[in-house]
Amino acid sequence: MSFKNYAALLASAAFVYSAITFAQAPIVDASIDTAAASEPANKGAVPAPADSSGQGELFYQLQLLQQEVMQLRGVVEEQAYLLKQVKEQNRERYIDLDRRLGEVASAPAVAASDNNTVAALTAAVGGGSALTVVAAAGEKEAYDAAYQLVTERRFDEALEAFKQFMVDFPQGKYTPNSYYWMGELYQVITPQDLEAARQSFTQLLDQYPTHVKVPDAMYKLGKVYFLKGDKNKARGLLEEVVSKYNKGTNSSAADKARQFISANY
């Protein structure tokens, strides 16, 4: 082989090798940032985690969040249950309150005396004394005004009106009823005042033991003691209502007392 042919062969081999090397090497534009150039063409694909420890940390955080959500859900369900109970108790009180308001509204009114003073008429009944009190001037109007506030569910205002009534007419015809309604109202205002309710019902029972509201007041006083945590005292009063007023016009209080004992003891 001549030197000329040998040189041509070497040149051809060098060209082929250069072409192969050039084809395998990536082409990089110096004007483009190397980090941007290294991004995949498919930008929508989620990149794999850099290492397994990062993925494990993410999974752990997810578990913690799930536990917190479950705990919060439990708290919400418990609060919803308690709220439902409170609403039902208040609804029962309102229903009972409305029923008793209807009874008071249907009761015959007693006319005021001619000289507009309080008069007491005493008669012997079964070895005891029955006291009939005639309403003083302005007493019925004051009582009706307080009563009207109750029917309008303006309980705070009604309570203040009955307090003022007790100041103005401490021995009036409607004083026992006022004690009773004050005992009821102390339970439905916010916040409740169970001790004041207990005192109101107790004053009615102590001062007016033969009044028509006594069975209901005794039943309500038993419930107040129950709410205050004295369940033995409560049961004693409720059982007394059942034994004393099981028959007659006041049997509804005995029925309620019996149902309360059955549900709570």
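Here is what the cut-offs are and how they apply
Residues numbered from 1 in each chain as written. Predicted model: local features only at pLDDT ≥ 70, side-chain atom pairs only at ≥ 80, totals over all residues. Heavy atoms only, no water. Axes fitted to C-alpha atoms, helices over the stretch in contact; angles between N-to-C directions. Helix = DSSP H or I, 4+ residues; strand = E, 2+ residues; numbered from the N terminus. Parallel < 35°, antiparallel > 145°, perpendicular 65-115°, else oblique. Left-handed = near helix turned anticlockwise from the far one by under 90°. Contact = heavy atoms within 4.5 Å. Nonpolar A, V, L, I, M, F, W, Y, C, P; charged D, E, K, R; others polar. pLDDT = per-residue confidence, 0-100. Phe/Tyr/Trp six-rings, centres within 6.5 Å; stacked < 30°, edge-to-face > 60°. Buried < 20%, exposed > 50% of the residue type's maximum accessible area, 1.4 Å probe, protein only. Lys NZ or Arg CZ within 6 Å of the ring centre and 35° of its normal.

Taken N-terminus to C-terminus, the directions of helix H8 (residues 214–228) and helix H10 (residues 251–264) make an angle of 20°; their axes are 9 Å apart at the nearest point. In terms of axis orientation, H8 runs roughly parallel to H10. Judged by the twist between their axes, the crossing of H8 over H10 is left-handed. Across the interface between the two elements, Pro215, Asp216, Tyr219, Lys223 and Phe226 of H8 pack against Ala253, Lys256, Ala257, Phe260 and Asn264 of H10. Per-class residue counts for the contact of H8 with H10 are 6 nonpolar, 1 polar and 3 charged.

Another aspect to go through is the confidence of the model for the chain. Taken residue by residue, the chain gives an average pLDDT of 74. The fraction at 70 or more is 61%. Averaged pLDDT values for the elements of the chain fall to 30 in strand S1 (residues 120–125) and rise to 97 in helix H7 (residues 194–207). Between residues 2–10, whose pLDDT stays under 50, and residues either more than four places distant or in other chains, the model counts 1 contact. Within the model, the stretch residues 13–50 combines pLDDT values under 50 with 2 contacts to residues more than four positions away or in other chains.

What follows deals with the packing of aromatic side chains. Scanning the model with the defined rule gives 8 aromatic pairs in all. Ring geometry for Tyr180 versus Trp181: centroids 5.4 Å apart, planes at 80°, classification edge-to-face. There is no split in this pair, since Tyr180 and Trp181 are both buried. Relative to Phe260, the ring of Phe226 lies with its centre 5.1 Å away and its plane at 85°, an arrangement referred to as edge-to-face. Note that Phe226 is positioned in helix H8 and Phe260 in helix H10, a separation of 34 residues in sequence. For Phe226, a relative accessible area of 16% corresponds to the buried category. For Phe260, a relative accessible area of 14% puts it in the buried group. Grouped by ring-pair contacts, the aromatic residues Tyr143, Phe162, Phe165, Phe169 and Tyr174 constitute a single cluster. Above the ring of Tyr174, the side-chain terminus of Lys173 is found at 5.7 Å from the ring centroid. The ring of Trp181 is capped by Lys213, whose NZ or CZ atom sits 5.7 Å from the centre of that ring.

Direction vectors running N to C along helix H6 (residues 175–188) and H7 enclose 160°, while the axes themselves pass 8 Å from each other. Relative to H7, the element H6 lies roughly antiparallel. The way H6 lies across H7 gives a crossing that is left-handed. Counted together, Pro176, Tyr179, Tyr180, Met182, Gly183, Glu184, Tyr186 and Gln187 of H6 and Leu194, Ala196, Ala197, Ser200, Phe201, Gln203, Leu204 and Gln207 of H7 form the full contact between these two elements. Residue classes in the contact of H6 with H7 are distributed as 10 nonpolar, 5 polar and 1 charged.

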